[in-house]
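Single-letter residue listing:
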Amino acid sequence: MMFSKAEMFNRKASHPKYRANEIMKVLALSEGAVVADIGAGGGYFAMRFAETVGSEGKVYAIDTDRKLLAYIEKCAEKNRIANIETILTGERGVVLPEQSCDLIFLRNVFHHLRQPEDYFRSLKNFLRPKGRVAVIDYKKPRAVMRFISPIGHYAEERFIRETMRKAGYVLVESHDFLPEQSFNIFQAAENGK
Ligand SMILES: C[S@@+](CC[C@H](N)C(=O)[O-])C[C@H]1O[C@@H](n2cnc3c(N)ncnc32)[C@H](O)[C@@H]1O
């Protein structure tokens, strides 16, 4: 059976190895929250967020790939999920309503960003006070794995943290239960430029 790119992303995101339930637990979203899933892929997490935040909440499923967004729209319709809005974006940044998001979530997307510091600096405009940015990405593969891992499909945790600090964020949580990925949560620094 052939799977589409969207289905492949969702199969991976939902595989027990990647611990989606624990990720959801840690994020502890409230009903009514507004979430931006940047680089939403096949929408596995966007759907879960939509279910959790309920009809009073909202999820922006954002991607540079129109076909992935069409897939998410189709799944949302099929599952009668009405609180997902898809947004087709360019590579350099996203436009969202100012101060609208309780959580901005990027899973396996950081390593795609060409100018991550600028990217995250501009995202601060879309966070509500106390809003969070959660970044999950592949850690640098161990030497033996580098032969079979696609080149550059990871972001070193140190680099993620340093980039976020420069972009005006502070680290508020870090989790190490994911076997292959780092998981850090940030908030805008009080004096973040
Ligand atoms: C490896 S997939 C991860 C998909 C999803 N987050 C997940 O965890 O299953 C990376 C996704 O990011 C999207 N993407 C790449 N660069 C992007 C950018 N600059 N802005 C928004 N989305 C981007 C890709 O189209 C793709 O859907």
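Residues numbered from 1 in each chain as written. Predicted model: local features only at pLDDT ≥ 70, side-chain atom pairs only at ≥ 80, totals over all residues. Heavy atoms only, no water.

Looking now at the overall build of the chain. Broken down by element type, the chain carries six helices and seven strands. Tracing the chain from N to C terminus, the helices and strands come up as α-α-β-α-β-α-β-β-α-β-α-β-β. For the chain, whose C-alpha radius of gyration is 16 Å, the value lies close to the compact-globule estimate of 16 Å for 193 residues. The principal-axis extents of the C-alpha atoms in the chain amount to approximately 45 × 45 × 30 Å. (Helix = DSSP H or I, 4+ residues; strand = E, 2+ residues; numbered from the N terminus. Rg over C-alpha atoms; globule rule 2.2 N^0.38 Å.)

An α-helical turn contains 3.6 residues, so any two residues separated by three or four positions project in the same direction. Over its 13 residues, helix α4 (residues 66-78) runs 18 Å from end to end, which matches the ideal 18 Å to within 8%, given 1.5 Å per residue. Where α4 is concerned, the buried positions are Leu68, Leu69, Tyr71, Ile72, Cys75 and Ala76. Looking straight down α4, one finds its buried side chains confined to an arc of 155 degrees; they lie on one side. Exposed side of α4, more than 90 degrees from the buried face: Arg66, Lys67, Lys74, Glu77 and Lys78 are the residues found there. Tucked into the core, α4 has its buried residues touching α1 (5-13), α3 (44-53), β2 (58-63) and β3 (84-88). (Expected span 1.5 Å × (residues − 1). Buried < 20%, exposed > 50% of the residue type's maximum accessible area, 1.4 Å probe, protein only. Arc of directions from axis to C-beta. Contact = heavy atoms within 4.5 Å.)

Bringing the site of the ligand into the picture now. The environment of the ligand is formed by 18 residues, the closest being Gly39, Asp63, Leu68, Glu91 and Arg107. Glu91 is positioned such that a nitrogen or oxygen atom in its backbone is 3.0 Å from a nitrogen atom of the ligand. For the ligand, whose accessible area on its own is 600 Å², the fraction buried by protein is 90%. Residues of the shell around the ligand, tallied by class, amount to eight nonpolar, six polar and four charged. (Near = heavy atom within 4 Å. Polar contact = N/O pair within 3.5 Å; in protein donor to acceptor, adjacent residues only side chain to side chain. Areas by Shrake-Rupley, 256 points an atom, 1.4 Å probe, with all protein chains shown as cover. Nonpolar A, V, L, I, M, F, W, Y, C, P; charged D, E, K, R; others polar.)

Where helix α2 (residues 20-27) contacts α3, the two axes come as close as 12 Å, and the packing angle between them is 45 degrees. The angle between α2 and α3 places the two elements in the oblique class. With respect to the hand of their crossing, α2 and α3 are arranged in right-handed fashion. Contacts between α2 and α3 involve Ala20, Asn21, Ile23, Met24 and Leu27 from the first element and Tyr44, Phe45, Arg48, Phe49 and Thr52 from the second. Taken together, the residues that form the contact of α2 with α3 break down as seven nonpolar, two polar and one charged. (Axes fitted to C-alpha atoms, helices over the stretch in contact; angles between N-to-C directions. Parallel < 35°, antiparallel > 145°, perpendicular 65-115°, else oblique. Left-handed = near helix turned anticlockwise from the far one by under 90°.)

Counted according to the given criterion, the structure contains eight aromatic pairs. With 5.8 Å between their ring centres and 65 degrees between their planes, Tyr119 and Phe120 make a pair best called edge-to-face. For the pair shown, Tyr119 and Phe120 are each scored as buried. Ring centres 6.0 Å apart and planes at 80 degrees place the aromatic pair Phe177 and Phe183 in the edge-to-face group. Phe177 sits in the buried class, given a relative accessible area of 19%. The side chain of Arg11 reaches across the aromatic face of Phe3, ending 4.1 Å from its centre. The ring of Tyr169 carries Lys124 above its face, with NZ or CZ at 5.7 Å from the centroid. (Phe/Tyr/Trp six-rings, centres within 6.5 Å; stacked < 30°, edge-to-face > 60°. Lys NZ or Arg CZ within 6 Å of the ring centre and 35° of its normal.)

To continue, consider the environment of His175. Along the chain, His175 falls in strand β6 (residues 169-175). Residues His175 and Leu69, 106 residues apart in the sequence, show an inter-C-alpha distance of 29 Å. Among residues more than four places away in sequence, those in contact with His175 are Val26, Phe183 and Ile185. Among the polar contacts listed, one links the side chain of His175 to the side chain of Glu173, at a separation of 2.6 Å.

Before going further, it helps to examine the nonpolar core. Counting residues in hydrophobic clusters, the biggest one holds 34 residues, and the most contacted among them are Ile23, Leu27, Phe49, Ile84, Phe105 and Phe183. Mapped by element, the contributors of at least two residues to this core are α1, α2, α3, β2, α4, β4 (101-107), β5 (127-138) and β7 (181-188). The next biggest cluster of nonpolar side chains, apart from the first, holds 27 residues, and it includes Ala36, Leu106, Leu123 and Val133. (Core = buried A, V, L, I, M, F, W, Y, C linked by side-chain atoms within 4.5 Å.)

Interpretation note: all reported values are geometric properties and have no functional meaning in isolation.
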